[in-house]
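As a plain string of letters, each chain reads:
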Amino acid sequence: QVQLVESGGGSVQPGGSLRLACAASRSIFRPNAMGWYRQAPGKQRELVAGISFAGSTQYADSVKGRFTISRDNAKNTVYLQMNGLKPEDTAIYYCNTNPALNGWGQGTQVTVSS
């Protein structure tokens, strides 16, 4: 059964940091590229960071230099380290393959506010 479980969200002040984790079922994690997506209220879901199975990364311009995506292939887990958070980063964050080919997990809420 396809499963994606995101965790690590929370509420932080501008400039703060969070580390998100996504545990995926082996059937979709290997050997696929994975991505972190986010959806803010009233906006479409967007890809913010992607990572190939070999570790090559890509980032949306809005998060370059602040977010870092990584993966642990032994644990079927993908991470998103978020530094220098801004109010406009507030959204529900999801992981999926890149491109997204599976159903979505519940996501994890990130709120950046003073």
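Within each chain, residues carry numbers counting from 1 in the order of the written sequence. The model is predicted, so local features are restricted to residues of pLDDT at least 70 and side-chain atom pairs to those at 80 or more, both for listing and for counting; the totals for chains, interfaces and linings are taken over all residues. Note that water and hydrogens are dropped before the side-chain values are worked out from all heavy atoms of the structure.

(A) Summary view of the state of the cysteines. Counting rule for disulfides: a pair of cysteine sulfur atoms within 2.5 Å. Counted under the stated rule, the structure contains one disulfide. With its sulfur 1.7 Å from that of its partner, Cys22 forms a disulfide with Cys95. Here Cys22 is found in strand E3 (residues 18–24), whereas its partner Cys95 is found in strand E9 (residues 91–97), with 73 residues between them in sequence. For the exposure calls, accessible area comes from a 1.4 Å probe over protein chains only, and a residue counts as buried if that area is under 20% of its type's maximum, exposed if over 50%, partly exposed in between. By relative accessible area, Cys22 is classed as buried at 0%. Judged by relative accessible area, Cys95 falls into the buried class, the value being 0%. A helix here means a DSSP run of H or I that spans at least four residues, while a strand means a run of E at least two residues long, and both kinds are numbered starting from the N terminus.

(B) Structural detail: the environment of Gly16. Checked against the element boundaries, Gly16 lands in the loop between strand E2 (10–12) and E3. Spatially, the C-alpha atoms of Gly16 and Asn98 are 27 Å apart, while their sequence positions differ by 82 residues. Ignoring any residue separated from it by four or fewer positions in sequence, one finds Gly16 in contact with Met82, Asn83, Gly84 and Leu85. Residue contacts are counted whenever heavy atoms from the two residues lie within 4.5 Å of one another.

(C) Looking closely at the sheet that holds strand E8 (residues 77–82). Pairing between strands is defined by DSSP: at least two bridges between the two strands are required. Within the open sheet, the four strands sit side by side as E1-E3-E8-E7. Their pairing is antiparallel. Whereas interior strands pair on both sides, the edge strands pair on one side only; in this sheet they are strand E1 (4–7) and strand E7 (67–72). Geometrically, the sheet is characterised by an average inter-axis angle of 15 degrees between neighbouring strands, direction not taken into account. Here the axes come from fitting lines to C-alpha atoms, over the contacting stretch only for helices, and the angles between their N-to-C directions go from 0 to 180 degrees.

(D) Structural context of the pattern of salt bridges. For this document, the term salt bridge refers to a Lys or Arg side-chain nitrogen within 4 Å of an Asp or Glu carboxyl oxygen. If you walk through the whole model with that rule in mind, you get four salt bridges. Across the pair Glu46 and Arg38 runs a salt bridge, and its minimum N-O distance is 2.8 Å. Looking at Arg38, the relative accessible area reads 6%, which means it is buried. For Asp89, the salt bridge identified is with Arg66, shortest N-O distance 2.7 Å. Taken together, the positions of Asp89 in the loop between E8 and E9 and Arg66 in the loop between strand E6 (57–59) and E7 put the pair 23 residues apart, joining distant regions of the chain. Via salt bridges that share partners, Arg38, Glu46, Arg66 and Asp89 belong to a single interconnected network.

(E) Geometry of the pairing of strand E10 (residues 108–112). The alternating pattern of E10 places Thr108, Val110 and Val112 on a buried face, while none of Gln109 and Thr111, on the opposite face, is buried. Across three bridges, E2 lies against E10 in parallel orientation. Following the sheet pairing, Val12 is matched in E10 by Val112. Here three bridges tie E9 to E10, and the two strands are oriented antiparallel to one another. Note on E10: the bridge partner recorded for Ile92 is Gln109.

(F) View of the side chain of Asp89. You can call Asp89 buried: its relative accessible area is 0%. In this structure the side chain of Asp89 is engaged in a polar contact, spanning 2.9 Å, whose partner is the side chain of Arg38. A polar side-chain atom of Asp89 sits 2.8 Å from the main-chain amide nitrogen of Lys86. Here Asp89 is in contact with Arg38, Arg66, Phe67, Gly84, Val110 and Val112, once residues within four sequence places are set aside. Definition of a polar contact: a pair of N or O atoms within 3.5 Å, with one able to donate and the other able to accept a hydrogen when the atoms are protein atoms, and with sequence-neighbouring residues admitted only if both atoms are side-chain atoms.

By themselves, these observations are geometric and do not establish any function.
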